[in-house]
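Structural features, examined
The lines below spell out each chain.
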Amino acid sequence: MRESSHRYSALALVRHGISGRPWSPAWRSHDLRQRYDVVIIGGGVHGLATAYYLARNHGITDVAVLDKGYLGGGGSGRNTAILRSNYLTPEGVRFYDRSLELYAGLAAELNFNVMFSRRGHLTLAHNDASMRTMRWRAEVNKASGVESEVIDADEVKRLVPRMDVSADARFPILGALYHPPGGIVRHDAVVWGYARAADTLGVQLHQDTEVTGIDVANGRVTGVRTTRGDISAPVVLNATAGWSTLVADLAGVRLPVQTFPLQAAVTEPVRPFLHTVVVSGSLHVYVSQTARGELVFGASVDPFASYSTRGSLEFTEGLAGHVLQLMPSLSKLRLLRQWSGLCDMTPDFAPIMGHTDVEGFLVDVGWGTYGFKAGPVAGEAMADCIAHGRPPELIEPFTLDRFAAGRLVGEKGAAAVGH
Ligand SMILES: Cc1cc2nc3c(=O)[nH]c(=O)nc-3n(C[C@H](O)[C@H](O)[C@H](O)COP(=O)(O)OP(=O)(O)OC[C@H]3O[C@@H](n4cnc5c(N)ncnc54)[C@H](O)[C@@H]3O)c2cc1C
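An account of the accompanying structure is given in this report. Since the model is a prediction, treat every value here as computed from it, not as a measurement.

**Comments concerning the packing of helix α3 (residues 90–104) against helix α10 (residues 375–388)**
Two numbers describe how α3 lies on α10: the axes approach to 7 Å, and their chain directions differ by 105°. As far as their axial angle goes, α10 and α3 are roughly perpendicular. For the pair α3 and α10, the contacting residues are F95, R98, S99, L102 and Y103 in the first and G375, P376, V377, A378 and E380 in the second. Partitioned by chemical class, the residues of the contact of α3 with α10 number six nonpolar, two polar and two charged.

Right under this line is the structure:
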C-alpha cells in the first residue's frame, strides 16, 4: 500500500497549498515483469474495476493491466456516461441495479469525486407499441424493486418544460418510462479513480503495452506476448470491448461480437435547464446536461460494422434534426465537437462474461453501447469469477455458452438506443 499522504482530503489540499509540495502521481509506471498471477488486457473501466476488486475483495494483487494506448482511451473515455437500471429482462435489471448501488458509494470508496448525479431518466414513447414496451419494462423493474413508472405527456412536460409535447409534433409524445434513479457520472473520473485505487493496492498498470499474442498449451492459457516483452500468467482476462474479437482470436476463441462505431456530440455550455436524461428510441437520440452546462447528445450505432472512429456530417445533421423535433427552442445552440468510439455488439444486446473453452482465458466483453454503467458490477463479478473459478450467480445468464445453448437474454428492447 502507498503512503497515507496519497489520500485526497481538504486537509491534504491545505497542506499541499502551503508547502508547495507536488502531489504524487495518481498511479506509477513499472518495468514489465515476466510473470503475474493475473493479466488483464484492456485499461478501460472494466479492466481497471476488475483489477481493483481482485485486490480489494480477494487480496489478489499480483495483477497487471495492459493497455495498448492510454487508460480510458477506448469507450471508457468516449461515452456519454448515462447510468440506469431500467432494463427489460429480470437478469439485466438485477445486474445493472447492483452497478448503480456501487456507483452511489464509489466517490467515497475510491477517495475520488466521480460526480455521480442521480437525476432521473426518461425514455419517450411516440407510438402505441413503445407505450406497451414501457409498461412491460415498468412492471419488470418494479418486480425487481427498481423504481420505474409510465408517465403521460403532461408529466413529461412538467419534468422537461422545453419538450414539445403538442399533438401536432412530427413524432408526438404519448408518454414515457420514468426511472428516477437514473443519472450521469464523470467518465474520466471513474477510470482515474479505479486506476489510482488499484495502483494503491499494488496492481501494476502498463500503458502503451499492446498484446500481440496469447500463448495456449494443452487447452489452457500460459501467457501473453506484448510489444514490451512476454509475460507468463495462468489467468488472462480479455476486457477490450471494441477490439475483443481481435484479442479473442489470438487465443483461438470465437466470439459472437461485431464492432460498430458510435458517435456522440456536445454543445457549448448554457444555463442549466435539463434536469433529467431524455432518450427517444424512435428518433435515435438522447440528451443530458452536464454540471458545466453542456448538452451531451448521443444516438444509435453507425449502420455498418467498422473500426473507424471518424465523425460524420451525416450523424450531426440527423442528430440536430431529431433534437429540434423534441426541443425546437434549442435551434440557436452551437455544437462544440463530436467524436466516436467502438462498440462490441452481441446478437442479444447483453454482455458476455466468464470462462471460455480455453482454460484460464476469460472474457468480459459485449458491452455495446451500454457498458460504462456496468463497470463497477462487472469488475466486482469478474474478480469474484477469477478468485473462485466459477461465475457468481449474478452473471450466470451472461456466459458465452448461452449462444450454443440458445439461452439468449433478449435485451434489445431496452438497450438499442437507451445506453
Ligand atoms: C459515443 C459512446 C457513447 C456511449 N455512451 C454510453 C452511456 O451513456 N452509458 C453506458 O453505460 N455506456 C455507454 N457507451 C458504451 C461504453 O463506453 C463501453 O461499453 C465501455 O466503456 C466499455 O468499457 P471497457 O472497459 O470494456 O472497454 P474500453 O474502455 O473500450 O477499453 C478497452 C481497452 O482495450 C485496449 N486494447 C484493445 N486492444 C488491445 C490489445 N491488443 N492490447 C492491449 N490493450 C488493448 C484499448 O486501448 C482500450 O483502452 C458509449 C460508448 C460510446 C462509444
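**Concerning the nonpolar core**
Judged by nonpolar contacts, the single largest core of 67 residues is most densely connected at F95, V190, Y194 and M353. Here this core takes eight residues from helix α2 (residues 45–58), the largest share from any one element. Ranked by size, the runner-up nonpolar core spans 28 residues in total, among them L124, V156, V165 and V323.

**Quick look at the sheet that holds strand β13 (residues 235–238)**
With mixed pairing, the six strands of this open sheet are ordered in space as β9-β2-β1-β13-β20-β19. What marks the edges here is a single partner per strand, and that holds for β9 (204–206) and β19 (352–355). Strand after strand, the sheet turns through a mean of 15° between neighbouring axes, direction not considered. Across three bridges, the pairing between strand β2 (residues 63–66) and β9 is parallel. The residue of β9 that forms the bridge with A64 is Q204.

**Observations concerning the site of the ligand**
The environment of the ligand is made up of 37 residues, and the closest members are D67, G75, S76, T80 and K373. Interatomic distance of 2.6 Å between a side-chain N/O atom of D67 and an oxygen atom of the ligand. Here an oxygen atom of the ligand sits 3.3 Å away from a polar atom, N or O, in the main chain of A81. Calculation on the ligand without its partners gives an accessible area of 1000 Å², and the protein chains cover 98% of this total. Breaking the shell around the ligand down by element, the ones donating at least two residues are α2 and β14 (258–267).

Conventions and cut-offs
Residues numbered from 1 in each chain as written. Predicted model: local features only at pLDDT ≥ 70, side-chain atom pairs only at ≥ 80, totals over all residues. Heavy atoms only, no water. Axes fitted to C-alpha atoms, helices over the stretch in contact; angles between N-to-C directions. Helix = DSSP H or I, 4+ residues; strand = E, 2+ residues; numbered from the N terminus. Parallel < 35°, antiparallel > 145°, perpendicular 65-115°, else oblique. Contact = heavy atoms within 4.5 Å. Nonpolar A, V, L, I, M, F, W, Y, C, P; charged D, E, K, R; others polar. Core = buried A, V, L, I, M, F, W, Y, C linked by side-chain atoms within 4.5 Å. Buried < 20%, exposed > 50% of the residue type's maximum accessible area, 1.4 Å probe, protein only. Pairing = 2+ DSSP bridges. Near = heavy atom within 4 Å. Polar contact = N/O pair within 3.5 Å; in protein donor to acceptor, adjacent residues only side chain to side chain. Areas by Shrake-Rupley, 256 points an atom, 1.4 Å probe, with all protein chains shown as cover.

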